[in-house]
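# Architecture and fold: a report
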Amino acid sequence: ISPLSARLSRITEPATIAMSKKARELAAQGVDVISLSLGEPDFQTPQYIKDAAKQAIDEGFTFYTPVPGIAELRQAICDKFARENDLHFQPNQIVVGTGAKQALANAVLSLVDPGDEVIVFSPYWVSYEEMVKLADGITVPVLGALENDYKVTAAQLEAAITPRTKLIMYSSPCNPTGAVFSKEELGEIAAVLARHPRIWAVADEIYEYINFVGEHYSLARFPEVAERVVTVNGFSKGYAMTGWRIGYLAARADVAAACDKLQSQFTSATCSITQRAGLAALRGGRASADEMVAAYRRRRDLVLGIVRDIPDLITPTPEGAFYIFPDVSAFLGRRTSEGVIINDVNELALYLLQDAHVAAVPGDAFGAPSCLRFSTASADEKLVEAFRRIKVSLGKLN
Ligand code: PLP
C-alpha cells in the first residue's frame, strides 16, 4: 500500500513537465528531438540584472529577509503597479515569493475553503486546477469558444456562478492560448463580479509584457471589484528569469497578510540575492522586455505562416505569450501509416513525438481536449524545422 496521503494521490504532475521528460529521454537515445513543450524564454537574463545579483553576493546580502520581501523591492513593485498599471498599493499589500506560482498558490490556499467552487477560465494554465485540489476546492472549468479566441465571456461566467462560487482564476495574456482580454471584456467581467460580492478573482498577469496588441489591462482597475482582486505578476517571462524563482502578488491588506502567514510556514522569503536581482529588473523598466517581445512576435508570425498551411489545423492568432494552441480535432480518429488509430490528443502528442520528434503538450492538461500546445520560445530555425516535420507527420494520418 502507498504511504502517500490521499491529498497527494489526487495531484498530478504537470503535463508540461511530463512531456519534456519524455522528450529528454528520447534525446538521450540520440534522437534529434525539438522540444516545444515548456514555457521557457530562450533569452538570457539581462546583464544588469545578473550584475545586481553578483553585487548582492559580494556585499554579503545572503541572509533571511522579511517573509514578504525586502522593503525596497515591495516599494519598487508598488511603483511599477502605479507607473504601468495605474494600480495603487501600499507595500503591506505586496507579497513576494518563489515565482508567480507560489503567489498563485498563496492566494488559492488563503481564499478557498473545502467545497468552495473556483471558476477557472479554460483553457487554463495547468497548475490552477491542482492548486484548487490542494485547497480541497472544486474546479469549475468554463471553456471559452474557439470562435472567440477561447476567451470566456461575461455571460458564460454569470451562467457558471452558484452560491458556492468563491473565486475566479484566469491569465491574460493567457497561457496556453495567448488570448488577451481587452478593457471592455474585463469591464463586463467586473460588472458580473460586482453583482456577486462574495466572489474573488485571481488575475494572473505573468505574461503582461509579452503582448502583441499593446494594451494590457488589469481587472483590479475596476473600482467596483478592485478590493476583491488578487493581481499576480513576476519576472520569469518578461525578464527571462525563470530559474531565479521570484514572483509577487498584490491584494487587500488582510489577504496579503494571510499569504504572508502561509508563506512563512512553507518557504519563508525567496532568495535574498534573487530579490536584489528583481529590484534591479524593476528599476531598469521594461526596455529589455521590449526587445524580447519583438522576437516573440516575429516567431509567432513565422509559425502562424507555416501552420496556417497545414490542412485541418485551426489556429487562432495569439495576441500575447509565446504559444500557439491549435485545435486538432480533425485529426482525432485518423490512422497512422501502421494503421493505429489516434484516439485523443495525448495519443496525437505521442505520435508527433515519435514520428516528427517534436514535443508538444496535449490540451486536456489545460482543459481543452481538442487542442495541442506548442511553445514558440525557440530559435527561428528550430521552429521552422519543427513545424515542417509536423506538417509531414500530420499529412501521413488518414
Ligand atoms: N502563471 C502562468 C500562466 C504561467 O505560464 C507560469 C509559468 O509557466 C506561471 C504562472 C509561473 O511563473 P513563475 O515561473 O514565476 O512561477
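Parameters at a glance
Residues numbered from 1 in each chain as written. Predicted model: local features only at pLDDT ≥ 70, side-chain atom pairs only at ≥ 80, totals over all residues. Axes fitted to C-alpha atoms, helices over the stretch in contact; angles between N-to-C directions. Helix = DSSP H or I, 4+ residues; strand = E, 2+ residues; numbered from the N terminus. Parallel < 35°, antiparallel > 145°, perpendicular 65-115°, else oblique. Left-handed = near helix turned anticlockwise from the far one by under 90°. Contact = placed C-beta atoms within 7 Å. Nonpolar A, V, L, I, M, F, W, Y, C, P; charged D, E, K, R; others polar. Near = placed C-beta within 6 Å. Domains from an automatic or database assignment. Pairing = 2+ DSSP bridges. Buried ≥ 20, exposed ≤ 12 C-beta atoms within 10 Å, placed from the backbone. Right-handed = clockwise from strand over helix to strand, strands pointing away.

Another point: the packing of helix H5 (residues 100-111) against helix H6 (residues 126-134). Axis separation between H5 and H6 bottoms out at 9 Å; the angle between their running directions is 40 degrees. Classified by the angle their axes make, H5 and H6 are oblique. With respect to the hand of their crossing, H5 and H6 are arranged in right-handed fashion. In contact with Lys-101, Leu-104, Ala-105, Val-108 and Leu-109 of H5, H6 contributes Ser-127, Met-131, Val-132 and Leu-134. When its residues are assigned to classes, the contact of H5 with H6 shows seven nonpolar, one polar and one charged.

Let us look at unusual backbone geometry. Pro-123 follows Ser-122 through a cis peptide bond whose omega is 0 degrees. Looking at the element boundaries, Pro-123 is found in the loop between strand E3 (117-122) and H6. Following Asn-175, the chain continues to Pro-176 via a peptide bond in cis, the omega torsion being 20 degrees. Along the polypeptide, Pro-176 turns up in the loop between strand E5 (165-171) and helix H8 (183-194). Its identity as a non-glycine residue notwithstanding, Ala-240 has a phi of 50 degrees, on the positive side.

Further remarks concern the site of the ligand. As a matter of local geometry, the ligand sits amid 13 residues, with Gly-99, Ala-100, Lys-101, Asn-175 and Ser-236 nearest to it. In terms of residue class, the shell around the ligand is made up of three nonpolar, eight polar and two charged.

Bringing the domain arrangement of the protein chain into the picture now. Along its sequence, the protein chain is carved into domain 1 (6-44 + 288-395) and domain 2 (47-285). Using C-alpha coordinates to define each centre, domain 1 is positioned 26 Å away from domain 2. Tallying the contact residues gives 36 residues for domain 1 and 33 residues for domain 2. Elements with a minimum of two residues in the side of domain 1 that touches domain 2: helix H1 (6-10), helix H2 (15-28) and helix H11 (287-307). Top element by residues in the side of domain 1 that touches domain 2 is H11. It accounts for seven residues. Tallied by class, residues from the side of domain 1 that touches domain 2 come to 20 nonpolar, eight polar and eight charged.

Another aspect to go through is the sheet that holds strand E12 (residues 372-375). With respect to topology, three strands assemble into an open sheet ordered E9-E12-E11, the strand pairing being antiparallel. The open sheet has two edge strands, strand E9 (323-324) and strand E11 (361-362), and neither has a second partner.

Moving on, we get to the pairing of E3. Regular strands show a simple pattern: their side chains alternate between the two faces of the sheet. Of all six residues in E3, six are buried; the element is thus mostly enclosed. Alternating residues of E3 divide into Glu-117, Ile-119 and Phe-121 and Val-118, Val-120 and Ser-122, and every residue in both groups is buried. With six bridges joining them, E3 and strand E4 (residues 138-143) adopt parallel strand pairing. What sits directly across from Phe-121, in E4, is Val-142. Remark: the E3/H6/E4 crossover connection has right-handed handedness. Alignment of E3 against E5, held across four bridges, turns out to be parallel. Note on E5: the bridge partner recorded for Ile-119 is Ile-168.

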